[in-house]
Amino acid sequence: MIRVLIVDDHPVVRDGLRGVIDGEADMSVVGEAGHGAEALARVESGTGVDVVLMDLRMPVMDGVDAIRALRRAAPATRVLVLTTFDADRDVLPAIEAGATGYLLKDTPRDELLRAVRAAHRGEAVLSPAVAGRLMGQVRTPSTETLSAREMEVLRFVADGSTNRETARALFISEATVKTHLLHVYAKLEVRDRASAVAAAYQRGLLPTDPR
């Protein structure tokens, strides 16, 4: 049974989601919250939660801050963002904070249910609009320097670590690792892991001597 916590500041939205989820034989809504702080309190209270359906713009504590807090307090709990906002300033912070997936509220019922099951398995889930935005960033050349976190991910890649191993070592989700790699590819103007490592050595970003 997939235990779901619904986090949204609109009661009508929560009621609708509860009706959809509770109608499935393999899912159950174990709680609701009107903002991020309430969601964190419910998870920390010991109520078993497998997947959190998280809105972003809420009072008291917004979705991004709640995702960060949940990653620290309950790293095994998956967070699936469900919101009406798909701008870069909403998408990237949520994924970087540790969200397993990002969906829009106009997502069809069946797709939402599939996404909850996929998130429960730890798979990254992105709505087509969000995926398009991320790919657009990858296709746009950038001369920006790599961030500290992007360098950490790149070092693990250079050492041969998988996304899962990197995520475990850095205490972030696999979806976040993938997002950082997309940024690395865009900044280094490459298309894959091997090319990213080669470009990093060429630019002196990685040491040539064995560690």
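Just above sits the structure.
All figures in this text were calculated on a predicted structure; none of them were measured in a lab.

Caption draft 1: Region of interest: the packing of aromatic side chains. Taken as a whole and assessed by the stated rule, the structure comprises zero aromatic pairs. Taking NZ or CZ as reference, Arg57 lies 3.6 Å from the ring centre of Phe85, over its face.

Caption draft 2: Focus on the pairing of strand β3 (residues 51-54). Of the two faces of β3, the one carrying Val51 and Leu53 and the one carrying Val52 and Met54 are both buried. Of the pairings in the sheet, the one linking strand β1 (residues 2-7) to β3 comprises four bridges and is parallel in character. By the bridge assignment, Ile6 is partnered in β3 with Leu53. Where β3 and strand β4 (residues 78-83) come together, four bridges link them in parallel fashion. Across the sheet, Val51 pairs through a bridge with Arg78, a residue of β4.

Caption draft 3: Layout of empty space enclosed by the protein. Inspection of the entire model under this criterion finds one cavity of 30 Å³ or more. Estimated volume of the largest cavity: approximately 40 Å³. Lining the largest cavity, in full, are Arg78, Thr100, Gly122, Ser173, Glu174 and Ala175. Taken together, the residues of the lining of the largest cavity sort by class into one nonpolar, three polar and two charged.

Caption draft 4: Looking closely at the pattern of salt bridges. Scanning the entire structure with this criterion turns up 16 salt bridges. Asp26 is the partner of Arg117 in a salt bridge, and the nearest nitrogen-oxygen pair spans 2.7 Å. Of this pair, Arg117 sits in helix α5 (residues 109-120) while Asp26 sits in the loop between α1 (11-22) and β2 (27-33), placing them 91 residues apart in sequence. Classification of Arg117 by relative accessible area gives partly exposed; the value is 22%. The salt bridge partner of Arg121 is Glu123, with a shortest N-O separation of 2.9 Å. Three or more residues are tied together by salt bridges with common partners; here these are Glu24, Asp26, Arg109, Asp110 and Arg117.

Caption draft 5: Expanded view of the environment of Ile6. Residue position: Ile6 is located in strand β1. A relative accessible area of 0% places Ile6 in the buried class. Placed 17 residues apart in sequence, Ile6 and Gly23 show a C-alpha to C-alpha distance of 15 Å. In this view, Ile6 contacts Arg14, Leu17, Arg18, Ile21, Val29, Gly31, Glu32, Ala33 and Leu53; residues no more than four positions away in its chain are not counted.

Caption draft 6: Geometry of unusual backbone geometry. The residue Val60 is not glycine, and still its phi comes out positive at about 70°. By the element assignment, Val60 lies in the loop between β3 and α3 (63-73). Positive phi outside glycine occurs at Glu189, with the angle close to 60°. When you line up the elements, Glu189 lands in the loop between α9 (174-188) and α10 (193-202). You can call Glu189 exposed: its relative accessible area is 52%.

Rules of the game
- Chains are numbered independently. Their residues run from 1 in the order of the written sequence.
- Residue-level local features of this predicted model are given only where pLDDT is at least 70; pairs of side-chain atoms are given and counted only at 80 or more, and the full residue set underlies all totals for whole chains, interfaces and linings.
- Note: side-chain values were computed over all heavy atoms of the structure, leaving out hydrogens and water.
- Pairing of aromatic rings covers Phe, Tyr and Trp, the last through its six-membered ring, and needs centres within 6.5 Å; plane angles under 30 degrees mean stacked, over 60 mean edge-to-face, and all others mean tilted.
- Note on criteria: charge over ring means Lys NZ or Arg CZ within 6 Å of the ring centre, with the direction from the centre no more than 35 degrees off the ring normal.
- Only protein chains enter the calculation, and the probe is 1.4 Å; a residue is then buried if its accessible area is under 20% of its type maximum, exposed if over 50%, and partly exposed in between.
- For the purposes of this entry, the term helix denotes a DSSP run of H or I that reaches at least four residues, the term strand denotes a run of E that reaches at least two, and both are numbered from the N terminus.
- Should DSSP find at least two bridges between two strands, the strands are taken to pair.
- Only protein atoms enter the 1 Å grid used here, on which a cavity is any set of points holding a 1.4 Å probe that cannot leave and a pocket is any open set flanked by protein within 12 Å on both sides along at least five of seven lines; residues with an atom within 4 Å of a point are listed as lining.
- Grid points are joined across faces, edges and corners, and a volume is the space filled by probe spheres set on the points.
- Residues are sorted three ways: Asp, Glu, Lys and Arg are charged, Ala, Val, Leu, Ile, Met, Phe, Trp, Tyr, Cys and Pro are nonpolar, and all the rest, Gly among them, are polar.
- Only one rule defines a salt bridge in this text: a Lys or Arg side-chain nitrogen within 4 Å of an Asp or Glu carboxyl oxygen.
- Whether two residues are in contact is decided by their heavy atoms: any pair within 4.5 Å suffices.

Distances and angles like these do not, on their own, reveal function.
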